[in-house]
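Inside the fold
One letter stands for each residue in the lines below.
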Protein chains: 2
Amino acid sequence: MEKKLIFTNDVAGAVDEAVARMRPSGVFVLVDANTKSSVLPGLLAGSEAVAGAKVIEMGAGEEAKTLATLAGVWKELGDAGANRSSLLINLGGGVVTDTGGFAAATFKRGMRFVNVPTTLLSAVDASVGGKTGINFNGLKNEVGVFAGADLVVVSTVFFRTLGRGELLNGYAEMLKHALLTSGAMTERLLCRDVGSFGPDELLALVRESVGVKERYVAADPGDCGLRHALNLGHTFAHAFEELGMWRRSPVSHGRAVAQGLVAALVLSHMEAGFPSGLLHKVATYVRDNYGAFGFDCEDYPRLLGYMERDKKNTARGAVSFTLLRAPGEPEVGVRVEECEITAALDIHRDLLGI
Amino acid sequence: MEKKLIFTNDVAGAVDEAVARMRPSGVFVLVDANTKSSVLPGLLAGSEAVAGAKVIEMGAGEEAKTLATLAGVWKELGDAGANRSSLLINLGGGVVTDTGGFAAATFKRGMRFVNVPTTLLSAVDASVGGKTGINFNGLKNEVGVFAGADLVVVSTVFFRTLGRGELLNGYAEMLKHALLTSGAMTERLLCRDVGSFGPDELLALVRESVGVKERYVAADPGDCGLRHALNLGHTFAHAFEELGMWRRSPVSHGRAVAQGLVAALVLSHMEAGFPSGLLHKVATYVRDNYGAFGFDCEDYPRLLGYMERDKKNTARGAVSFTLLRAPGEPEVGVRVEECEITAALDIHRDLLGI
């Protein structure tokens, strides 16, 4: 959905080239406290466009993805004289690219924006695919629009400073893309530790992973059917995240996705014949690397409630899931009754030792 | 930009047919206090879909077109279980259709919506063309998206209860559409009083007028060039409206547009040779029917500031206008220097006796 996607480790050069081509009336850079200190200085030094830009800072972390933050970005853009010919560069993880993309897509009914993902998770997921939005009313991405970035600059140079937990966040989405492609691609990821890659090897893997997402998005930009395959594991993951928010002890998206993939593969085994061997391998990898998000059967009604309210759910008194018949063979919109979901959650807890 | 446009005086029938075709998972109706009391009861009695819908009420008037109202609509939709397969019916004037359209286009990244304009102004302008949005940071429609309604049901049955001022509001946009078409179409409107039409005659005129807008929108849905012709008179009109808001004495959109057309035709005469005979006829009609929006030369710097910040303005230290070389011959993006704008405002004030 984005107009252009570049994989490079010369980010400053890619940004300057894009700005020279797009000729915006003004350039704005959205950062959070983390990217302001860890990423912005390098780009200020290396990129003429960034050096001349007005910097807008928003709060860091999922809790900052709010209506108040969105309104703050709109206000700073307006007060600084941004117009429809201006350009916003979103420099950060998914929270920055989601919020900044929504702000740009709605400011004066739409200005252009460039995403520069600075985490593995945003590189392989949030920054590509044209989904923007904020959390609202206690729900993730409750409001937003489909709006593709004019350019996404994907690089691994920013990942050097990421902790293991941050890398695992992105790796969970890469596992999902692998599961949506083939058993071989999945096994290749399961036999490696996330900290064992050099930057060039990782850039090649990221490119392959983004390619999977791009193929599904291109086939269904409006998220009406086939693209739901990318939702694999996410119906559970969103519910785990919302349970975490409700407990005031948020769980990271990637960790929630890793848990969600295990639950979705359990359900895929039960409902669609997904091979139990690979399910167990994935569960072991997740347990060993991600640990477990703890919950018990008293949490089931709340989790089911979240799943039924999920924006992709159209079933009544049931939940529709993306399941896998086998690696690379997704089935979207599979309606599953509550009793089967709770049975899957029981097995999920067994597998992860919860 | 909307997918379908129906002109009918059987609104309930048109709505029920649309709902039967679209099969939404739930129907929601957005009203303000005015349409709740004057329009909703009739539809509740006549339309099965409306009778079964959840009603959401927002504040009435331009002052209600705020972020807080938008958030309130999102919240009510979410709390009532709306999802992406649901349908929002916006029942009201431009404030309701603009706010409701923006809410629907962004709720869970987009649910369907139907506009049922209840004022002449919204019938010929706001409800068609796919522009949605709210006021923000002191500016009109500062944030929003382009999103076409799935259906617009245009009718004149609701206009019976409108006062003369309300009818004049819409008539100003009809004058604009006529000026963008031909001298003959313009003269036909100038020789009539807005209160002199029967409902069927008016429906035919509205249909003709909406047709003008549709042709310009179809040629340029993203508002990149040709569609700017529809901005005729609006650069001035928005500045008059913002001056009114700043004075805490708001001027209605239609009255501002009538004044704005006169100012734009003055500028068109000065810069593009628009015939002075028709300029004087339009000015006389506006003065006799709309009165004048008062301002003096001390207000010029503020008005110029508003015009330069207008979201369609891309000129620096100047303002770009849509002007007419002659009726039906628009020229978009004409850059005009401040001294010429103030000269036009002087003549405008003379013509309207301000």
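The structure presented is a predicted model; accordingly, all values stated were derived computationally and were not measured.

**Looking at the pattern of salt bridges**
Applying the stated rule across the entire model yields 38 salt bridges over all chains. The residue Lys75(B) makes a salt bridge to Asp79(B) at a minimum N-O spacing of 2.6 Å. In this pair, Lys75(B) and Asp79(B) both sit in helix H5 (residues 67-79), 4 residues apart, roughly one turn of the helix. Here the salt bridges do not stand alone but share partners, grouping Glu62(A), Lys140(A) and Glu241(A) into one network.

**Let's talk about the confidence of the model for chain A**
Residues of chain A with pLDDT of at least 70 account for 98%, and the chain-wide mean is 94. Listed scores for the predicted complex are pTM 0.88 and ipTM 0.87.

**Side note on the sheet that holds strand S2 (residues 27-32) of chain A**
All names here are of chain A. Strand order in the open sheet formed by 6 strands is S1-S8-S5-S4-S2-S3, and the pairing between neighbours is parallel. Of all strands in the sheet, those with a lone pairing partner are strand S1 (5-7) and strand S3 (54-58), marking the two edges. If you compare each strand with its neighbour and ignore which way they point, the axes differ by 20 degrees on average. Bridge count for S2 against strand S4 (residues 87-92) is 4 bridges, and the pairing is parallel. For Leu30, the partnering residue across the bridge sits in S4 and is Asn90. Packed onto the sheet, helix H5 (residues 67-79) meets S2, S3 and S4 and runs at close to 165 degrees relative to S3.

**Regarding the relation of the copies chain A and chain B**
Least-squares fitting of chain A to chain B yields an RMSD of 0.0 Å, with the transformation described by 0.0 Å of translation along the axis and a rotation of 180 degrees. What the rotation and shift describe, once combined, is the action of a two-fold rotation axis. Comparing interface residues between copies, 100% of those in chain A also lie at the interface in chain B; the contact surface is shared.

**Re the environment of Asp79(B)**
For Asp79(B), a relative accessible area of 48% translates into the label partly exposed. Apart from the residues within four sequence positions on either side, Asp79(B) is in contact with Asn137(A) and Arg309(A). Of note is the side chain of Asp79(B), whose polar atom sits 3.0 Å from the side chain of Asn137(A). A polar atom in the side chain of Asp79(B) sits 2.6 Å from the side chain of Lys75(B).

**Details of helix H12 (residues 253-272) of chain B**
Within an α-helix, residues lying three or four positions from one another point in the same direction, as the helix has 3.6 residues per turn. With 16 of 20 residues buried, H12(B) is to be regarded as a mostly interior element. Within two residues after H12(B), Gly273(B) carries a phi angle of roughly 80 degrees, on the positive side.

Thresholds, definitions, all that
- Residues numbered from 1 in each chain as written.
- Chains lettered and ligands numbered in written order.
- Predicted model: local features only at pLDDT ≥ 70, side-chain atom pairs only at ≥ 80, totals over all residues.
- Heavy atoms only, no water.
- Salt bridge = Lys/Arg side-chain N within 4 Å of Asp/Glu carboxyl O.
- Helix = DSSP H or I, 4+ residues; strand = E, 2+ residues; numbered from the N terminus.
- pLDDT = per-residue confidence, 0-100.
- Pairing = 2+ DSSP bridges.
- Axes fitted to C-alpha atoms, helices over the stretch in contact; angles between N-to-C directions.
- Contact = heavy atoms within 4.5 Å.
- Least-squares fit on C-alpha atoms with pLDDT ≥ 70 in both.
- Buried < 20%, exposed > 50% of the residue type's maximum accessible area, 1.4 Å probe, protein only.
- Polar contact = N/O pair within 3.5 Å; in protein donor to acceptor, adjacent residues only side chain to side chain.

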